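Residue-level structure breakdown
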Amino acid sequence: CKGPGVCRSGRRDMALRRAASLAAGRQPRCPRLPRPAREGTVRWSSAAKASAVKINEKASREKILTLESMNPQVKAVEYAVRGPIVLKAGEIEKELRKGIKKPFTEVIKANIGDAHAMGQRPITFLRQVVALCTYPNLLDSPSFPEDAKKRARRILQGCGGNSLGSYSASQGINCIREDVASYIERRDGGVPADPDNIYLTTGASDGIATILKILVSGGGKSRTGVMIPIPQYPLYSAAISELDAIQVNYYLDEENCWALNVNELRRSLNEAKAYCNPKVLCIINPGNPTGQVQSRKCIEDVIHFAWEEKLFLLADEVYQDNVYSEGCQFHSFKKILYEMGPEYYNNVELASFHSTSKGYMGECGYRGGYMEVINLHPEIKGQLVKLLSVRLCPPVSGQAAMDIVVNPPIPGEESYSQFIKEKECVLNNLAKKAKLTEDMFNKVPGIHCNPLQGAMYAFPRIFIPSKAIEEAKAHKMAPDMFYCMKLLEETGICVVPGSGFGQREGSYHFRMTILPPVEKLKILLEKVKDFHIKFLEKYA
């Protein structure tokens, strides 16, 4: 024998016994495995230990991805709606949960248009259809109405394997695109819509970013310029930064209820031609954050301007159901374009956007949406489908939710009366809250709020004393960010400073949603009033 191991003769005997067992037809026993270490312990060889010590002695390697090495376009992106003020609100919420005393008991997040988070009830019919699509066994349940089952079956027949869990075509489920086209025709009084021009999207934001991506090109003075309204929804400035395009601002007229003036468009365009190639014009109607509803005449002027200057039009129409003021009416750009005659309708390139997230539905989480793109060059159409195919398809549950928005119950169907009652309840409440917000703000010294004609936000102008402006500079904050941060810390109300949306130099605003229930909204508005008066007293 050599050492404490098995000797050579022992190994030979073991081999003979194993061979005899196999000859007798018996299965060999599994070799004994080494006993595992106790849970939570690792056995290291001395060599491994020495190596680990040497590694620990060395300085850690520099990170590959740093702020200096990252994509500079991503670093330039800003999105105020979920910016520093919202992060601070999250920190305060954590402190409240730990029992840390504040001058308030809850944070009211009035920074974002998230209807259900603010207590709005879902539309029953929409949820019924999505539930049936998600769990088809419910199609046999007597608890669901037949008109909901009919829509669910149709959607499922358009899905691979009759399942919402399958991929769809990149452009979206065909029958849903057909329903979107039918909806547009009804909405626009018979103006034709082609399902092949409909693209289902992950919310409207996905469609807007995709179209911008395909539009941006060139370098230097030929780099694409994108004209956006100021104030604007920060998605636009963020997407422009990410694409390294050129942001071209045009200002809405605050003194005229945030109206869009074509002379301002022309000024903006002519100035931008000195440093970029402006070829995209974005319109938000009804407006976000400003809440204005563009008149028919204004839309005609904008379309003529785009036709004259050869601009690609983007019409963000996600708030088309949210119109409250008497005398105001939503007009789609598609309809007005058609009615202006073939010279315009056959030539102006237009992408229009809609979503499940706003309106009376408020289904933000489903991320459902669509865009209709008309007068696109046939070869570009192929490029757009290719670009969409990279992300495979939008969420199929979101597509189903979008279908119910464009294909709701109709008179004579079982669910119609409940559906119309719920829809009108939501919109009537929003109209009341819009007027309440406007009236209460305009009673506060140093706050002015234009009429909330549509959408779901107030964007009041606030007076900030020079002493507060100086203190804001000392804290390296924009004055309205300083104001909103103080408002949050003293009242628990989270709103978004106007600087995150853009505003004229020397003016200050904040954006606040009107979505909270009426009683909570009254409390919120009273708190803002009390805070503002104290703020003026402190810094006057």
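The following refers to the structure shown. For clarity, every value in this text was computed on a predicted model and none was experimentally measured.

Reading the values: rules and limits
- Residues numbered from 1 in each chain as written.
- Predicted model: local features only at pLDDT ≥ 70, side-chain atom pairs only at ≥ 80, totals over all residues.
- Heavy atoms only, no water.
- Helix = DSSP H or I, 4+ residues; strand = E, 2+ residues; numbered from the N terminus.
- Buried < 20%, exposed > 50% of the residue type's maximum accessible area, 1.4 Å probe, protein only.
- Contact = heavy atoms within 4.5 Å.
- Areas by Shrake-Rupley, 256 points an atom, 1.4 Å probe, with all protein chains shown as cover.
- Salt bridge = Lys/Arg side-chain N within 4 Å of Asp/Glu carboxyl O.
- Core = buried A, V, L, I, M, F, W, Y, C linked by side-chain atoms within 4.5 Å.
- Domains from an automatic or database assignment.
- Polar contact = N/O pair within 3.5 Å; in protein donor to acceptor, adjacent residues only side chain to side chain.
- Axes fitted to C-alpha atoms, helices over the stretch in contact; angles between N-to-C directions.
- Parallel < 35°, antiparallel > 145°, perpendicular 65-115°, else oblique.
- Nonpolar A, V, L, I, M, F, W, Y, C, P; charged D, E, K, R; others polar.
- Phe/Tyr/Trp six-rings, centres within 6.5 Å; stacked < 30°, edge-to-face > 60°.
- Pairing = 2+ DSSP bridges.
- Right-handed = clockwise from strand over helix to strand, strands pointing away.
- 1 Å grid on protein atoms, 1.4 Å probe; cavity = no way out; pocket = protein on both sides within 12 Å on 5 of 7 lines; lining within 4 Å.
- Points joined across faces, edges and corners; volume = space filled by probe spheres on them.
- Expected span 1.5 Å × (residues − 1).

Attention now moves to the overall build of the protein. Helix and strand counts for the protein come out as 19 helices and 14 strands. Every one of the 540 residues in the protein was classed for burial, and the buried ones make up 48%. For the protein, the share of sequence-separated contacts (at least 6 apart) that also reach a separation of at least 24 residues comes to 71%. Total accessible area computed for the protein in this model is approximately 27,400 Å², and 53% of it derives from carbon and sulfur atoms.

The next point concerns the pattern of salt bridges. Counted according to the given criterion, the structure contains 27 salt bridges. Taking the shortest distance from any N to any O, the salt bridge between Lys109 and Glu93 comes out at 3.2 Å. Of this pair, Lys109 sits in strand S1 (residues 108–109) while Glu93 sits in helix H4 (residues 84–97), placing them 16 residues apart in sequence. Accessibility expressed as a relative area gives 32% for Lys109, which makes it partly exposed.

Attention shifts here to the nonpolar core. Core analysis: the biggest nonpolar cluster contains 120 residues, and Ile211, Leu314, Tyr370, Phe441, Phe510 and Met512 have the highest contact counts within it. If you count residues domain by domain, this core takes at least three from each of domain 1 (72–107 + 417–539) and domain 2 (124–415). One finds Leu269, Ala315, Leu337 and Leu350 within the second-largest nonpolar core, a separate group that totals 34 residues.

Before going further, it helps to spend a moment on unusual backbone geometry. Of note, the bond from Ile230 into Pro231 is cis; its omega dihedral lies within 30 degrees of zero at 5 degrees. Residue position: Pro231 is located in the loop between strand S3 (224–230) and helix H9 (235–242). Between Asn288 and the following residue, Pro289, the backbone shows a cis peptide bond with an omega angle of 20 degrees. Its identity is not glycine, yet Arg367 carries a phi of approximately 55 degrees, on the positive side.

Quick look at the side chain of Ser141 now. Its place among the elements puts Ser141 in the loop between helix H5 (124–134) and helix H6 (146–157). A distance of 3.1 Å separates a polar atom in the side chain of Ser141 from the backbone nitrogen of Ser143.

What follows concerns the packing of helix H17 (residues 466–474) against helix H19 (residues 518–539). The geometry of H17 relative to H19 is characterised by a closest axis approach of 8 Å and an angle of 85 degrees between their N-to-C directions. Compared by their axis directions, H17 and H19 come out roughly perpendicular. Contacts from Lys467, Ala468 and Glu471 in H17 reach Phe535, Lys538 and Tyr539 in H19. Partitioned by chemical class, the residues of the contact of H17 with H19 number three nonpolar, no polar and three charged.

Right, let's talk about the packing of aromatic side chains for a bit. For the structure on display, the rule yields 14 aromatic pairs. Ring geometry for Trp307 versus Tyr344: centroids 5.1 Å apart, planes at 50 degrees, classification tilted. Residue Trp307 is found in helix H11 (residues 296–309), and its partner Tyr344 is found in helix H13 (residues 342–345); the two are separated by 37 residues along the sequence. When the ring of Tyr338 is compared with that of Tyr345, the centres are 4.6 Å apart and the planes differ by 85 degrees; the resulting orientation is edge-to-face. Chaining the aromatic ring pairs together yields one cluster made of Phe441, Phe482, Tyr483, Phe510, Phe531, Phe535 and Tyr539.

We now examine the pairing of strand S4 (residues 246–251). Both S3 and S4 contribute to a ladder of six bridges, which runs parallel. When the bridges of S4 are listed, Ile228 appears paired with Asn249. In this view, the connection linking S3 to its parallel neighbour S4 by way of H9 has right-handed handedness.

A separate point is empty space enclosed by the protein. Where empty space is left can be seen by rolling a probe of water-molecule size over the atoms. Counted by the stated rule, this structure contains four cavities of 30 Å³ or more. Volume-wise, the largest cavity comes out at about 50 Å³. If you trace the largest cavity, you find it lined by Pro229, Pro231, Tyr250, Leu252, Leu260, Ile283, Ile284, Gly287, Asn288, Thr290, Gln292 and Gln294. When its residues are assigned to classes, the lining of the largest cavity shows seven nonpolar, five polar and no charged.

The next subject is the sheet that holds S3. Strand order across the open sheet formed by seven strands is S2-S8-S7-S6-S5-S3-S4, with mixed pairing between neighbours. In this open sheet, the two strands that pair with only one neighbour each are strand S2 (198–202) and S4. Within this sheet the neighbouring strands show an average axis-to-axis angle of 25 degrees, counted without direction. Here strand S5 (residues 277–284) runs beside strand S6 (residues 312–316); their pairing, made up of five bridges, is parallel.

Spatial strand order, S10-S14-S13: three strands in an open sheet with antiparallel pairing. Pairing within the sheet leaves two strands with one partner each, and these edge strands are strand S10 (457–458) and strand S13 (496–497). The pairing of S13 with strand S14 (residues 510–513) spans two bridges and is antiparallel. Directly across from Val496, in S14, lies its bridge partner Arg511.

Another aspect to go through is the pairing of S2. Counted residue by residue, S2 has four buried out of five residues, so it is predominantly covered. As defined by bridge partners, S2 adjoins strand S8 (residues 368–374) across five bridges and the pair is classed as antiparallel. Within the sheet, the bridge partner assigned to Ile198 lies in S8 and is Glu372.

Moving on to helix H7 (residues 174–187). Its 14 residues give H7 an end-to-end C-alpha distance of 20 Å, which sits within 8% of 20 Å, the value for a rise of 1.5 Å per residue. Among the residues of H7, those classed as buried are Cys175, Ile176, Arg177, Asp179, Val180, Ala181, Tyr183 and Ile184. Against H6, S2, helix H12 (333–339), strand S7 (350–355), S8 and helix H15 (396–406) lie the buried residues of H7.

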